[in-house]
Amino acid sequence: MRLITVAHFVGHIPIITVLELIFTIHNNNILIVAMRIITINDINMKNLTPFYITICLFTFFSCNNQDKKDIIDFFPLIQEVESKEIFSDSFFGAPYQIDLVNNNLIICDVIDEKLISIYNTDNDSLVIQLFREGNGPKDLIPPLIIKTYANNNISIFQRQTSSFKEYNLSDLSRGEINPLNDIKFDQNIDNIIKINSNIYAGTGLLEQGSIAFFNQEGTIIHSTNIYPKFVNSIEDISNRFIIGQQQIDYNPISNTLLTASIFTGDIVFFENNNLTLNKTKQYKPKPSPIEYKIKSQGYTKPSNEDYIYFESSYSTNDYFYLLYSGNPMNKNATTENNYILQFDTYGNPTKAYKTNSKIFDFCISTDNTCAYTISLSDDLSYIITKIIL
């Protein structure tokens, strides 16, 4: 594409000055690839003393991430996908967590007084139901957060007690409840991820900062504050945590930490450099309703009109994923679809999958070819679905 500007006179001298810019548009950015100035005059140039040419400079402002109006605008590709119900002969109560390890789905759902069910995806069958609610050594206290790992281990985090237990899938499939690790954290932690065999990262009602690192004994060894400024302006630690709640995930191959704010919509990626978090990517949509209210009125509790942006996160060796809602809380449970957002392991947006059903939680196969979800059926009952990506 070319842009040509013409000035017909300089003073009283009939001169045409042409500024020719050859440019292209790439990823919403205007890139100038060539420029030249052409001066055309019907008078001998040697007779012009002094001779002045005024060149007007044009500045192009490209669209950058901060100007985006919606999170979906960050993604170069949007793909519509369809959910297919699986385990249709099984009964589900109110499942709220799902994960996948070695073709087995781990689902948090209270059925027959058991808290966790394991299903095999190869033959669509129930393998076993485990754990009762209680304070005994083989009991758990919901709500739970489950994570799976490449070594076929399953971690179960009890939010009420800030305790973390890790089990082997083969042991659980045989009904053997013997934890490989049992850690009680010394802070009031709401979410936890495993960085490596010795280090854990958690968020919650921390005495200092917004995210902390812990050792194998559950003792805090480092903390840092990654809240945005308007969240840090809230003085009360409990209120600050409520507004600043985040989904977190980690990729050990790229050494990258993902944080996604549930109520503000901010997505930030950090490089973990010996427990020092260096921000590498940030995606901020238009200010959320609650951000407007806090900046204009001071702290306010989330209301039904405030938005839920991210309901869950997930990571594989190759990608990060976020379950994006972007709906007011009073409409979130009845929305007809979600987006599963995909980023590469360094935080670059790659694809947004638009689903055809409401999703409450999800997990991704290790080869990134399918997703398993907790969804709602047409009659508003809970179902488990599979999505081909």
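We now turn to the structure provided with this report. A quick note: this is a predicted structure, and the numbers were derived from the prediction, not measured.

### A word on the side chain of T121
Stage number 1. Mapped onto the fold, T121 is located in the loop between strand 8 (114-120) and strand 9 (125-130).
Stage number 2. Other than its neighbours up to four places away in sequence, T121 contacts F87, L100, N103, L105 and Y372.

### So, the sheet that holds strand 12 (residues 144-148)
Stage number 1. The sheet built from 4 strands is open, its strands ordered 12-13-14-15 with antiparallel pairing. The strands lining the two open edges of the sheet, one partner per strand, are strand 12 and strand 15 (181-184). Mean inter-strand twist for the sheet, computed between neighbouring axes without regard to direction, equals 15°.
Stage number 2. Pairing between strand 12 and strand 13 (residues 153-158): 5 bridges, direction antiparallel. Residue L144 lies in a different strand from strand 13, and its bridge partner there is Q158.

### Quick word on the pattern of salt bridges
Stage number 1. Tallying each qualifying case throughout the model produces 11 salt bridges.
Stage number 2. Notably, a salt bridge pairs K147 with D249, separated by 3.1 Å at the nearest N-O pair. One end of the pair, K147, is in strand 12; the other, D249, is in strand 20 (residues 246-251), with 102 residues separating them in the sequence. Residues K147 and D249 agree in their burial class; the two are buried.
Stage number 3. Between D306 and K293 there is a salt bridge; the shortest N-O distance is 3.0 Å. Note that D306 is positioned in the loop between helix 4 (289-297) and strand 24 (307-315) and K293 in helix 4, a separation of 13 residues in sequence.
Stage number 4. The network of salt bridges with common partners includes D266, K284, E291 and K295.

Procedures and definitions
Residues numbered from 1 in each chain as written. Predicted model: local features only at pLDDT ≥ 70, side-chain atom pairs only at ≥ 80, totals over all residues. Heavy atoms only, no water. Helix = DSSP H or I, 4+ residues; strand = E, 2+ residues; numbered from the N terminus. Contact = heavy atoms within 4.5 Å. Pairing = 2+ DSSP bridges. Axes fitted to C-alpha atoms, helices over the stretch in contact; angles between N-to-C directions. Salt bridge = Lys/Arg side-chain N within 4 Å of Asp/Glu carboxyl O. Buried < 20%, exposed > 50% of the residue type's maximum accessible area, 1.4 Å probe, protein only.

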